[in-house]
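Each chain, written out:
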Amino acid sequence: MKARDHKLFFVRMICLALLAFSACSEGSTEPELVINLDPPSELQASRVPGKVAVRLTWKDNSNSEVGFAIERRQNNGTFQDRIFTIKDVTSAIDSMGLTIGATYSYRIRATRYSEASPPSNVATVTLTP
């Protein structure tokens, strides 16, 4: 065999060994590392003075989120995703589609890719005239 053929053979053997090792480890009884997302807490909602807007503040309890999903419901409706933020943010302003005289409830979830924490407490505010 030429030196180049030896290198190619060696690389192929390493690849096969790695594939075999990964296939064997699939049935392993070792626990997987699971990082739980802790939900935000202490959510507060207040009207921004003189504006049709709501200021939200909360406590970030997770150190592994990539952002937060803020959900809103009007009166007794269902919660819907409204705002998404990046990690380490602990406040937001909601000013889209709000109506004077309506009551809005908010909750927040820490998110990491397709994962989400349980929801935070619910904070409610009524936009009085």
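Residues numbered from 1 in each chain as written. Predicted model: local features only at pLDDT ≥ 70, side-chain atom pairs only at ≥ 80, totals over all residues. Heavy atoms only, no water.

Student: Just to check I follow, could you spell out the sheet that holds strand 5 (residues 91–94) for this structure?
Tutor: Pairing between the strands of a sheet is mediated by backbone hydrogen bonds and can be parallel or antiparallel. If you trace the 3 strands from one edge of the open sheet to the other, you get 1-2-5, paired in antiparallel fashion. On the outer flanks of this sheet lie strand 1 (41–47) and strand 5, each paired with one strand and no other. Ignoring strand direction, the axes of neighbouring strands in this sheet form an average angle of 20°. In the sheet, strand 2 (residues 54–59) pairs with strand 5 via 4 bridges, with the strands oriented antiparallel. (Pairing = 2+ DSSP bridges. Helix = DSSP H or I, 4+ residues; strand = E, 2+ residues; numbered from the N terminus. Axes fitted to C-alpha atoms, helices over the stretch in contact; angles between N-to-C directions.)

Student: Teacher, can you tell me more about the confidence of the model for the chain here?
Tutor: Residue-level pLDDT values for the chain average 83, and 74% of them are 70 or greater. Within the chain, the lowest mean pLDDT, 51, falls on helix 1 (residues 3–25), and the highest, 98, falls on strand 2. (pLDDT = per-residue confidence, 0-100.)

Student: Explain the pattern of salt bridges to me, please; I cannot follow it from the model alone.
Tutor: Where charged atoms from two side chains of opposite charge approach closely, those side chains can pair. What the rule picks out here adds up to 4 salt bridges. In this structure, the salt-bridge partner of Arg 109 is Glu 71, at a minimum N-O distance of 3.2 Å. Of this pair, Arg 109 sits in strand 6 (residues 103–112) while Glu 71 sits in strand 3 (residues 67–74); the two residues are 38 residues apart in sequence, bridging distant segments of the chain. Arg 72 is the salt-bridge partner of Asp 94, the closest N and O atoms lying 2.7 Å from each other. One end of the pair, Asp 94, is in strand 5; the other, Arg 72, is in strand 3, and 22 residues separate them in sequence. Residues Asp 94 and Arg 72 agree in their burial class; the two are buried. Members of the salt-bridge network, linked through shared partners, are Glu 71, Arg 107 and Arg 109. (Salt bridge = Lys/Arg side-chain N within 4 Å of Asp/Glu carboxyl O. Buried < 20%, exposed > 50% of the residue type's maximum accessible area, 1.4 Å probe, protein only.)

Student: Sorry if this is basic, but what is going on with the environment of Thr 103 here?
Tutor: With respect to the element layout, Thr 103 can be found in strand 6. For the pair Thr 103 and Asn 76, spaced 27 residues apart in the sequence, the C-alpha separation amounts to 8.5 Å. What Thr 103 contacts, discounting residues up to four positions off in sequence, is Arg 73, Gln 74, Asn 75, Thr 124, Val 125 and Thr 126. Among the polar contacts listed, one links the side chain of Thr 103 to the side chain of Thr 126, at a separation of 2.8 Å. (Contact = heavy atoms within 4.5 Å. Polar contact = N/O pair within 3.5 Å; in protein donor to acceptor, adjacent residues only side chain to side chain.)

Student: Looking at this structure, I do not really get the pairing of strand 3. What am I missing?
Tutor: Regular strands place their side chains on alternate faces of the sheet. Across the 8 residues of strand 3, 6 count as buried, placing the element largely inside the fold. Pairing analysis gives 6 bridges linking strand 3 to strand 4 (residues 80–86), with the strands arranged antiparallel. Residue pairing across strands places Glu 71 opposite Asp 81, the latter belonging to strand 4. Pairing of strand 3 with strand 6 involves 8 bridges; the strand directions are antiparallel. Along strand 6, the bridge assignment pairs Gln 74 with Tyr 104.

Student: Please explain unusual backbone geometry as it appears in this structure.
Tutor: A negative phi holds for most residues other than glycine; trans holds for most peptide bonds. Even without glycine at this site, Asn 75 takes up a positive phi of about 50°. Even without a glycine there, the phi angle at Tyr 113 is positive, about 55°. If you trace the backbone, Tyr 113 turns up in the loop between strand 6 and strand 7 (115–116).

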